[in-house]
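Structural characterization, general
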Amino acid sequence: MSWAGPEDIFLSTSLASYLDKKLLVLLRDGRKLLGILRSFDQFANAVLEGACERVIVGDLYCDLPLGLYVIRGENVVLIGELDPEREELPAHMTRVSAVEIKRAQKAERDAKDLKGSMRKRMEFLDLD
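Residues numbered from 1 in each chain as written. Predicted model: local features only at pLDDT ≥ 70, side-chain atom pairs only at ≥ 80, totals over all residues. Heavy atoms only, no water.

Under an unreviewed UniProt entry, the name given to the protein chain is U6 snRNA-associated Sm-like protein LSm1, and the organism recorded is Amborella trichopoda. As stated in UniProt under Subunit (unreviewed entry), the record for the protein chain gives "Component of the heptameric LSM1-LSM7 complex that forms a seven-membered ring structure with a donut shape." On record in UniProt, under Sequence similarities (unreviewed entry), the comment for the protein chain is "Belongs to the snRNP Sm proteins family." (UniProt positions renumbered as here; feature names shortened; annotations may be inferred.)

**Remarks on the pairing of strand 4 (residues 60–71)**
Both strand 3 (residues 46–57) and strand 4 contribute to a ladder of 10 bridges, which runs antiparallel. Residue pairing for strand 4: Val55 is matched across the bridge by Cys62. Hairpin connection between strand 3 and strand 4: a loop of 2 residues separates the two successive antiparallel strands, and Gly58 in this loop has a positive phi of roughly 60 degrees. Strand direction decides the pairing type here: strand 4 and strand 6 (residues 94–95), joined by 2 bridges, are parallel. The partner of Tyr61 across the bridge, within strand 6, is Arg95. (Pairing = 2+ DSSP bridges. Helix = DSSP H or I, 4+ residues; strand = E, 2+ residues; numbered from the N terminus.)

**Describing the environment of Arg95**
For Arg95, the location among the structural elements is in strand 6. Since its relative accessible area comes to 52%, Arg95 is described here as exposed. The sequence separation of Arg95 and Asp59 amounts to 36 residues, and the corresponding C-alpha distance is 8.7 Å. Once residues lying within four places of it in the same chain are set aside, the contact partners of Arg95 are Tyr61 and Asp63. (Buried < 20%, exposed > 50% of the residue type's maximum accessible area, 1.4 Å probe, protein only. Contact = heavy atoms within 4.5 Å.)

**So, the pattern of salt bridges**
With the rule as written, the count across this model stands at 7 salt bridges. The salt bridge involving Glu74 is made with Arg72; its shortest N-O contact spans 3.2 Å. By relative accessible area, which is 52% here, Arg72 ends up exposed. Shared partners join several salt bridges into a network, and the residues in it are Asp20, Arg38 and Glu49. (Salt bridge = Lys/Arg side-chain N within 4 Å of Asp/Glu carboxyl O.)

**Overview of unusual backbone geometry**
Note: most peptide bonds trans; most residues except glycine with negative phi. For Asp20, which is not a glycine, the phi torsion comes out positive at approximately 65 degrees. For Asp20, the location among the structural elements is in the loop between helix 1 (6–16) and strand 1 (22–27). Of the residues examined, Asp20 reaches a relative accessible area of 53% and is grouped as exposed. Its identity is not glycine, yet Ala44 carries a phi of approximately 70 degrees, on the positive side. Here Ala44 shows up in the loop between strand 2 (32–40) and strand 3.

**Focus: the nonpolar core**
Membership of the largest hydrophobic core is limited to 9 residues, which are Leu23, Val25, Leu27, Leu33, Leu37, Ala46, Leu48, Ala51 and Ile71. Breaking this core down by element, the ones donating at least two residues are strand 1, strand 2 and strand 3. The residues touching Val25, leaving out its near neighbours within four places in the chain, are Arg31, Lys32, Leu33, Leu48, Ile71, Val76, Leu78 and Ile79. Counting residues in hydrophobic clusters, the runner-up holds 7 residues, among them Val55, Cys62, Val96 and Ile101. (Core = buried A, V, L, I, M, F, W, Y, C linked by side-chain atoms within 4.5 Å.)

Take a look at the structure:
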């Protein structure tokens, strides 16, 4: 059995200041989650209430509702408190439906794949 070290205590106290506050959580896979921090443990596993995934494609965004959400601590890259008095997104961002954002994501992914395949086809040209 191992005991918590000083670094574990520091982590716990820093997350304690975020309890019952609206947070933005950035995950290792690039997803951005918003929600109210209700609980956490010494491994930075966290429970968000009223969570949603914010999907951003260009100037479009959509908040996909997730409800009560448990996040494994090892997947967390960044946690930040959102200011309730400040607008969360710039004015030029447009909110769209889940169907529209999925369509935009697919178009973006297809464009990225095409760019990658074109780069592979051009590898034989040594431009150096």
